[in-house]
Each structure stands twice: as structure tokens, then as C-alpha cells.
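What the coordinates show
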Amino acid sequence: MADELIRSIDKATLEMLEKAEKEQVSTVFSRADQIKPCPIGVEESCCKICAMGPCRMPRSKKGEEKARMGVCGATVETVVARNFARKIAAGSASHSDHAREVTETFLKAAQGQAQGFTIKDEIKLFEVALDFGIEIEDRSVTDIAIELGQKALEEFGKQHGELTYIRKAPLKRQEIWKKQGVIPRGIDREVVEIMHRTHMGVDQDYVHILEQATRCALADGWGGSMISTDLQDIMFGTPVPVVGTINLGVLKEDEVNIVVHGHEPLLPELLVTASRDPEIKKLAEKAGAKGINLAGMCCSANEVLMRHGIPCAGNFLQQELALVTGAVELMTVDVQCQMQGLQDVAACFHTKLVSTSDRAKIQGATHMEFHPDTGLDTAKKILRLAIENFPNRRGPVQIPDHKEDIVAGFSHETINYLLGGLFRASYRPLNDNIVNGRIRGVAGVVGCNNVRTVHDSAHIAMIKELIKNDVLVLTTGCAAMACGKAGLLTPEAARAFAGEGLAEVCEAVGIPPVLHMGACVDNSRILVAASAMVKEGGLGDDLSDLPVAGAAPEWMSEKALAIGQYFVASGIFTVFGSPWPTLGSDKVTRHLFEEYEEIYKGTWAFEADPVKAAQRMIAHIDTKRKALGLEKARERVLFDMAMRRNLT
Amino acid sequence: MSDYTYDEKERFDGVTIKVLGPTYEEGKPEGGHDWKSGLDTREKALDYLRTALRYWYGAEGFGSEKRKKEA
Ligand code: SF4
Ligand code: SF4
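Cut-offs applied
Residues numbered from 1 in each chain as written. Chains lettered and ligands numbered in written order. Predicted model: local features only at pLDDT ≥ 70, side-chain atom pairs only at ≥ 80, totals over all residues. Heavy atoms only, no water. Helix = DSSP H or I, 4+ residues; strand = E, 2+ residues; numbered from the N terminus. Buried < 20%, exposed > 50% of the residue type's maximum accessible area, 1.4 Å probe, protein only. Areas by Shrake-Rupley, 256 points an atom, 1.4 Å probe, with all protein chains shown as cover. Rg over C-alpha atoms; globule rule 2.2 N^0.38 Å. Contact = heavy atoms within 4.5 Å. Lys, Arg positive; Asp, Glu negative; His and termini not counted. Charge placed at Lys NZ, Arg CZ, Asp CG, Glu CD. Buried area = accessible area lost by both parts, 1.4 Å probe. Salt bridge = Lys/Arg side-chain N within 4 Å of Asp/Glu carboxyl O. Polar contact = N/O pair within 3.5 Å; in protein donor to acceptor, adjacent residues only side chain to side chain. Near = heavy atom within 4 Å. Nonpolar A, V, L, I, M, F, W, Y, C, P; charged D, E, K, R; others polar. 1 Å grid on protein atoms, 1.4 Å probe; cavity = no way out; pocket = protein on both sides within 12 Å on 5 of 7 lines; lining within 4 Å. Points joined across faces, edges and corners; volume = space filled by probe spheres on them. Pairing = 2+ DSSP bridges. Axes fitted to C-alpha atoms, helices over the stretch in contact; angles between N-to-C directions. Parallel < 35°, antiparallel > 145°, perpendicular 65-115°, else oblique. Left-handed = near helix turned anticlockwise from the far one by under 90°. Patch = residues over 30% accessible without salt bridge, like charges linked within 9 Å, V, L, I, M, F, W, Y side chains within 5 Å. Right-handed = clockwise from strand over helix to strand, strands pointing away. Expected span 1.5 Å × (residues − 1).

**What to know about the overall build of chain B**
Broken down by element type, chain B carries two helices and two strands. The burial tally for chain B puts 25% of its 71 residues in the buried class. Summing over all exposed atoms, chain B offers an accessible surface of approximately 5300 Å²; the carbon and sulfur share of this is 49%.

This is how it looks when you write it as C-alpha cells:
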């Protein structure tokens, strides 16, 4: 059909979409066809924060003299800035509430009250204790961990002062933040202040509103997210490179398939432990299955993949499609990015959808709440429920025969080690290779899938363009999974897809040209890695001096905006794909796209075409190289049509 | 490994030379390589942190030997 939409570049996704259509199962893709985005809402120029509205303020038509305003007199700038700031508050709150759950569990684990949890990585415990200024010398691990848990918890409710991790940023960056007055005081406080300031009739200066949005986003990146990453590492182990597999083909016809979906890795960790229990294995066999097959979805997948090599069933837009296979006995969901549509899809098959967080229920789903003190019991109960459900499969299952090998688990600590070895660990080799031009620069390409773009296409087109041009890519979240499915996360990908210089370095070190650094909360690892590059020397004194750029070409979640804002405020040029949520106001857009360069030496940009966006990132990297006095900018490899066709 | 592969490359002065191609063993590793396993005493762990992560915890200098000023 000529008007048939291309939905995905992923064959497994297309196969399951066909099955869903045949069986008339509603998915995010079919629903997107029925609901078009509201043209006013998409530009964020409508306000509904008080009951005198909603006030819609589409851009003035040609010839209209007076700019439109809300009933209260609010200008479109105020409205757009309010909406943008509120999204950042929600995104920061999501990461940070996840972090709070982790911190509370960590404290319980340290006190011996969290079933199945221990301190697995003592070196990381010492590392983070040093960050928090905690005495280590002769104290017991338990003592250190308890003090760390308490101090980390205080970061959320702090009212004054500065967040601890701010001190990890390069000194020049800290000076910029100080000068702008945006150093976060406490994580929760910054979120609350956005909600207050954007309430009807409070802050009505878009520059001032966005300043608080920055303070809040920094509290996410250099606060909540970083705490969550670090404490998870201590409890579950800091990721080291591990081989895994990805895509719907990881589901197994003859085993009990359990998909862990969501963001908090607490219960998934215990499910991994419980699934290895011989008693549980025996139960599965008794039910007629060959074993238990645990697979991940979305960021929970990244967490258990990085730490245990548990296979990854897919990214955000594949969540319903995993159930469409008819092979999933049970899916657990906790918080964030889980679609309500899952329950309807589950009902079409035999799948049990189980919600596990006290923060999120889905109507119709079974609720089995996870609490750290009884966590292992809950994990076993969930596995038993899945096993009991194995004989209830309806009709033949159809598992797409598509899966790829991947290498994941590049934490900052591991990169540091890989580049220099145990006794000479450092970022020197990376910096040297940037200086000598083998590596042109580094890009962080992260973020979600969005059903309004062709699934995975923008990630892959952008990343292929970047690595072809010798830009080393760091990735997290659903973008990382897209890379895995496209075969970019293996060392062999360097020779196949990367430019000559990058390929040489990857082969020498034995790393892929795209490094999987974890879940979206782990973007904090990118901040730490970039800070280490600055501190190593040779590439300027600030994050904004580095030849680096960030991007989220298929973003959809509010968390992505919080991440983007803390990247930008950290001095990094960051480009997002469609849509861009301030287009309703030229002034607000100009402030973020141009004036931020003056203030933070990092800016936002918007470019819907991923290849053009990659070229803008490369141009930015070249500008930074020039400013550092590193050789003349080199020729760019531009993709011709034939090369682009090969991307899909 | 005996069956090395070689690539032909142009040297800086234009002469074509043979260089060793990629050398990695076929197959997949069984698990992750835990490089921290050797750091089995607290003393070793702390020493490691102060040298390997000297960007934050080192007392003897800033970054690498090339950086004169703290960043
Ligand atoms: S409130 Fe705004 S986004 Fe929602 S329907 Fe009305 S105009 Fe559209
Ligand atoms: S706050 Fe002002 S612009 Fe917003 S809905 Fe109320 S009256 Fe309209």
C-alpha cells in the first residue's frame, strides 16, 4: 500500500505489528494512528493551570498586531516556560524518587533489614564514602554504609547549602553555576519550587522560570540520578563489560518467560537470584517447561543486562509487542514508561501483568507490592505465579527469530580501567587519541523511542553518522537498546561501521565504537566520564571546552527534558529530535538555543532530521577542537543515498 | 594465535607498509571480567581509588602529569 507507514527499522517489531494487526490487538502504534497530536499543545502554548482557562495561545497570525495572552494576562513566553519547567520538574522527580527508593533500600540493606540485598561492591562503597567525606580507615563496612545511606537520604530533603556531588564537576563549571546562582540546595526543594513558581500568578518572567528549571535539572543529574547510580552499583556491583543478547528473539518457546519492565532494579535483582533457586527450577520443569527465562524491557532491562547478562527483550515501543508473541507468562512493571495499554494486550493472551511498586498500579493488573524487607519472598511468589501460568498459553506462540549479541556495562570506572589498566587507570589514552585526532570527539546519544518517529531509525541514522566520522558514542536507555539491535554494540562493529581512526582505537582497546553505559538514570555516568576527561588535562578546563555533544533524537519522556537541561547547564551542546516543546514562543526558544551559550556555554538545539543533527554535533565538535588548537577540522564523511538505504 | 591478518597502509612519507590487523580470539567470553577482584584488602582498595580515581581523591597531583593546574 502506498500510504502504509513505515513503523520501525527493527524486523522483530514489524513482525509482531503484523501479528497484532491480524489479531486486532490495539498497540501504541495503532492508537497513534487514531490520535493526532494537538497542534497547540505540541508547541506548548496552552495553559491549564487555573480554572479560568485552559487558555490557548497559538502563534499570532500575520497582520495581527497584539500578541495573544491568557485570561490572567500571562504572555505566551510565560506559558511556554512554565510548561517546559514543569516537565523538567516531573522528569527530575521521577529519577529522584527512583533514587529515594534505592537509598531507602540501601540503608535497610546496610542495617541487615533488606531480604536478599547486601553490599556487593565494597570498593565502590569506599569511593562514594570519599565523595561524601565519610571516614573510612578502620570502620566496618556496615558502619560506613549506614552513614552513607543516611547522608545520601539527607540530600533529598536538604533546604540550604549545596548538593554533595556538585563538587565532582570541574572547578570552572562550579564557578559558572555559582555565578548564575543555580547550584541546587536539596533535590526535593528544587522540584517543589518549580511547582510553586509555575502556579497561577507567581513567577512571570520566563528567564527567571527557566533559571529554576536549570537548578532543578542539576539536582537531577548531579543529585538524584547520580545517587541512584552509585548506590545501585554498591548493592549490585559496578557494571563491567558483559556479553548479552537483545530483541524479541530472546524469548523462548519452551521455557517460562518472565519480562521485567520498568526502572527500579531492586525487584529485578531479586528475581535474578530467585530464578536460580533449584526449587523454582524444579517447579518450572514440573509445569512442563524447560526452565525459567528472565528477560528485560526498557531500563530495567539495561540494569539486569549490565550486571548479570540477562537478555533484553526490547525497548520502549516493544513492550506490548513482547506480549503479542503469546509467549510471555508474566510481566512485572514498577514505575515509569510502562503503558496502560499493556493490560489490554495481556488480556488478549494468557499473560499476567503484575505491578510491584507502591507508587503505581494499573487497573486490571495483579498488584504484588515489593518491599525490601520481604523482597525475596515476593520475587519467589512472582516466579511461582508465572510458572503456574505456563500451561495456560492460548494458541501457538510466535517468537520473531531476531536477536543480536551485544556487549554492555561500560561504567565510568570500567572505562578508566580499560584505558589504562589496574595500575595506570586513567583517561589519558582517550584524551591523547582525541588530541591526535584518531577520535574526533565524544557524543552522548540517549533517550526514548517515540511512536511519532520511525522506531529506532533516528538513533541508528544519527549514531552511524557519528561513528563513521570518528566520534565515539556513549549511550544509555532505549537508544542503547536500539544500538544493540542494529549490531553496533560489539567490538566487531568498529571495523564495520566506524571511521578509520575510531576503529583503530576500538580495536586496540577491545571496545565497541558505541559504549552502553546503562539505564537513563545512568546518564550521570556520562557527566562523571566527561568531568574525568577535563580533569585529565589537554582538553581545556571546563566541560564546555570538550569536543563533545549530546542528543536524544527520539525523545518522548519528561525525564529526557530534565536530562537535556542538565547536559546543557553542564556546558554541553545538546540536540533533540521532534517535537521541540518551546516552539510556541520565539523568545523562549531563542533563550534556550542562543542566550544559553552566553550563560552556560552550552545550548539546546532542535533538528528533526537525525543525520543533519549528527552533522551539527560534528560541526560543534570541530569548533571545540579548533578552539583547543587541535589540528584543522577534517573532512566529514557524508552519507549518500545508497549508504542511508543501508541503514535500515 | 598464529594466523595473523595484515592490512596495507600508507606511511606518513607515502611508502606502503604492512601492519598487523585486528587480533582477537573468536567466540564469546563466558562472563564479565571482574578487574576489581585483585583488590582484596582495604589497603589495596583505597590505594587504588587514590591513584586510579585521582581526579577526585588523589593527593599527589591533578589529573595526569600533563595538567599543571587543578581543574
Ligand atoms: S488543553 Fe491544550 S493541549 Fe489540551 S486539548 Fe486543549 S489546546 Fe490541546
Ligand atoms: S493561569 Fe492565566 S493563562 Fe493559565 S489558565 Fe489561568 S488564566 Fe489562563
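**Focus on the overall build of chain A**
Scanning chain A for helices and strands turns up 25 helices and 16 strands. For a compact globule of 648 residues, the expected C-alpha radius of gyration is about 26 Å, and chain A comes in at 24 Å, within 12% of that figure. Taken along its principal axes, the extent of the C-alpha atoms in chain A is 70 × 65 × 55 Å. Counting only contacts in chain A whose residues sit at least 6 apart along the sequence, the fraction spanning at least 24 positions is 75%. A total accessible area of about 23200 Å² is found for chain A, and carbon and sulfur atoms account for 51% of it. For chain A, the distance from the average site of its 74 positive side-chain charges to the average site of its 86 negative ones is 3 Å.

**A closer look at the interface of chain B and chain A**
Contact with chain B, which involves 32 residues of that partner, is made by 48 residues of chain A. Here chain B packs against chain A, burying approximately 3400 Å² in sum over the two surfaces, 57% of which is carbon and sulfur. A per-residue breakdown of the area chain B buries against chain A is headed by Trp35, Arg42 and Trp56 of chain B, which together make up 21% of the total. Linking chain B with chain A are five salt bridges, by the criterion used here. At the junction of chain B with chain A, the criterion picks out 14 residue pairs in polar contact (both at pLDDT 80 or more).

**Concerning the site of ligand 1**
Taken together, Cys38, Gly41, Cys46, Lys48 and Arg56 of chain A make up the full set of residues adjacent to ligand 1. Its residues assigned to classes, the shell around ligand 1 shows two nonpolar, one polar and two charged.

**Notes on unusual backbone geometry**
Residues and elements named next belong to chain A. Along the chain, Gly53 connects to Pro54 via a cis peptide bond; the corresponding omega equals -5°. Tracing the backbone through its elements, the reader meets Pro54 in the loop between strand E1 (46-47) and strand E2 (55-56). Each neighbour pair has its own omega, and for Ser578 with Pro579 the value is -5°, a cis peptide bond. With phi around 60°, Glu44 is a residue other than glycine that occupies positive phi space. Along the chain, Glu44 falls in the loop between helix H2 (28-34) and E1. The backbone of Asp456 shows a phi angle near 70°, a positive value even though the residue is not glycine. On the secondary structure map, Asp456 appears in the loop between strand E11 (441-445) and helix H17 (457-468).

**Some remarks on the layout of surface pockets**
Residues and elements named next belong to chain A. Size it by volume and the second largest pocket reaches roughly 700 Å³. Together, 24 residues line the second largest pocket, and Pro37, Asn450, Arg452, Met556 and Pro579 are the ones closest to its centre. The leading source of residues in the lining of the second largest pocket is H2, at three residues. Classifying every residue of the lining of the second largest pocket gives 13 nonpolar, six polar and five charged.

**Some details on empty space enclosed by the protein**
Residue and element names in this part refer to chain A. The tally for this structure, following the rule as stated, stands at eight cavities of 30 Å³ or more. Here the largest cavity defines a volume of roughly 120 Å³. For the lining of the largest cavity, the secondary structure elements donating two or more residues are helix H11 (298-308), helix H18 (477-485) and helix H22 (558-569). Among the elements that take part in the lining of the largest cavity, H22 stands out by supplying three residues, more than any other. Here the residues of the lining of the largest cavity are counted per class, giving ten nonpolar, four polar and one charged.

**Some points on the sheet that holds strand E15 (residues 573-576) of chain A**
Note on sheets: strands pair through backbone hydrogen bonds, and any given pair is parallel or antiparallel. All names here are of chain A. Strand order across the open sheet formed by six strands is E13-E12-E11-E14-E15-E16, with parallel pairing between neighbours. Each end of this open sheet is capped by a strand with a single partner; those strands are strand E13 (514-516) and strand E16 (604-606). The average angle at which neighbouring strand axes cross in this sheet is 25°, direction not considered. Examined bridge by bridge, E11 and strand E12 (residues 471-475) share five bridges and lie parallel to one another. Each bridged residue has a counterpart across the sheet, and for Val442 the counterpart in E12 is Leu472. With respect to the sheet, H18 is in contact with E11, E12 and E13, its orientation differing from that of E12 by roughly 120°. Against the sheet, H22 makes contact with strand E14 (548-552), E15 and E16, and its axis sits at roughly 155° relative to E15, the strand it touches most.

**Things to note about the packing of helix H10 (residues 278-286) of chain A against helix H14 (residues 375-389) of chain A**
Residues and elements named next belong to chain A. At a minimum axis distance of 9 Å, the contact between H10 and H14 shows a crossing angle of 15°. Taken together, the axis directions place H10 and H14 in an arrangement best described as roughly parallel. Helix-helix and strand crossings are classified by hand; for H10 and H14 the assignment is right-handed. Residues Glu279, Ile280, Leu283 and Ala284 of H10 form the contact with H14, whose own contacting residues are Lys380, Leu383, Arg384 and Ile387. Within the contact of H10 with H14, the residues separate by chemical class into five nonpolar, no polar and three charged.

**So, a negative patch on the surface**
A cluster of acidic side chains, namely Glu594, Glu595, Glu597 and Glu598 of chain A, defines a negative patch on the protein surface. Residue classification places Glu594 of chain A among the exposed residues on the basis of a relative accessible area of 51%.

**What about the site of ligand 2?**
Taken together, Cys47, Ile49, Cys50, Met52, Gly53, Cys55, Gly70, Val71, Cys72, Ala74, Arg82 and Met200 of chain A make up all the residues around ligand 2. The residue makeup of the shell around ligand 2, split by class, is nine nonpolar, two polar and one charged.

**Here's the deal with the environment of Lys403 of chain A**
All names here are of chain A. Position of Lys403 relative to the elements: it lies in the loop between H14 and strand E10 (404-408). Classification of Lys403 as exposed rests on a relative accessible area of 51%. Sequence-wise, Lys403 and Gly487 are 84 residues apart; in three dimensions their C-alpha atoms are separated by 9.5 Å. Contact partners of Lys403, with chain neighbours within four places excluded, come to Ile246, Asn247, Gly249 and Val250.

**With respect to the side chain of Ser544 of chain A**
All names here are of chain A. On the secondary structure map, Ser544 appears in the loop between helix H21 (523-536) and E14. A polar side-chain atom of Ser544 sits 2.6 Å from a polar atom in the side chain of Asp542. Leave out the neighbours within four places in its chain, and Ser544 touches Arg173, Ser570, Gly571, Lys601 and Lys624.

**Considering the pairing of E11 of chain A**
Residue and element names in this part refer to chain A. Among the five residues in E11, five count as buried, and that is most of the element. Side chains Gly441, Ala443 and Val445 project from E11 onto one buried face, and the interleaved Val442 and Gly444 project onto a second face that is buried too. Of the crossover connections in this fold, the one passing from E11 over H17 to the parallel E12 is right-handed. Where E11 meets E14, four bridges bridge the pair, whose relative direction is parallel. Pairing of Ala443 across the sheet is with Ala549, part of E14.

**A word on H14 of chain A**
Residues and elements named next belong to chain A. Its 15 residues place the ends of H14 21 Å apart at the C-alpha level, agreeing with the 21 Å of an ideal helix rising 1.5 Å per residue. Those residues of H14 that fall on the buried side of the exposure criterion are Gly375, Thr378, Ala379, Ile382, Leu383, Leu385, Ala386, Ile387 and Asn389. Where H14 is buried, its residues touch strand E4 (256-261), helix H9 (266-275), H10, strand E5 (292-297), strand E7 (328-333) and strand E8 (352-355).

**Concerning the side chain of Thr27 of chain A**
Residue and element names in this part refer to chain A. If you trace the backbone, Thr27 turns up in the loop between helix H1 (11-22) and H2. Judged by its relative accessible area of 3%, Thr27 falls in the buried class. Apart from the residues within four sequence positions on either side, Thr27 is in contact with Leu17, Ala20, Glu320 and Leu321.

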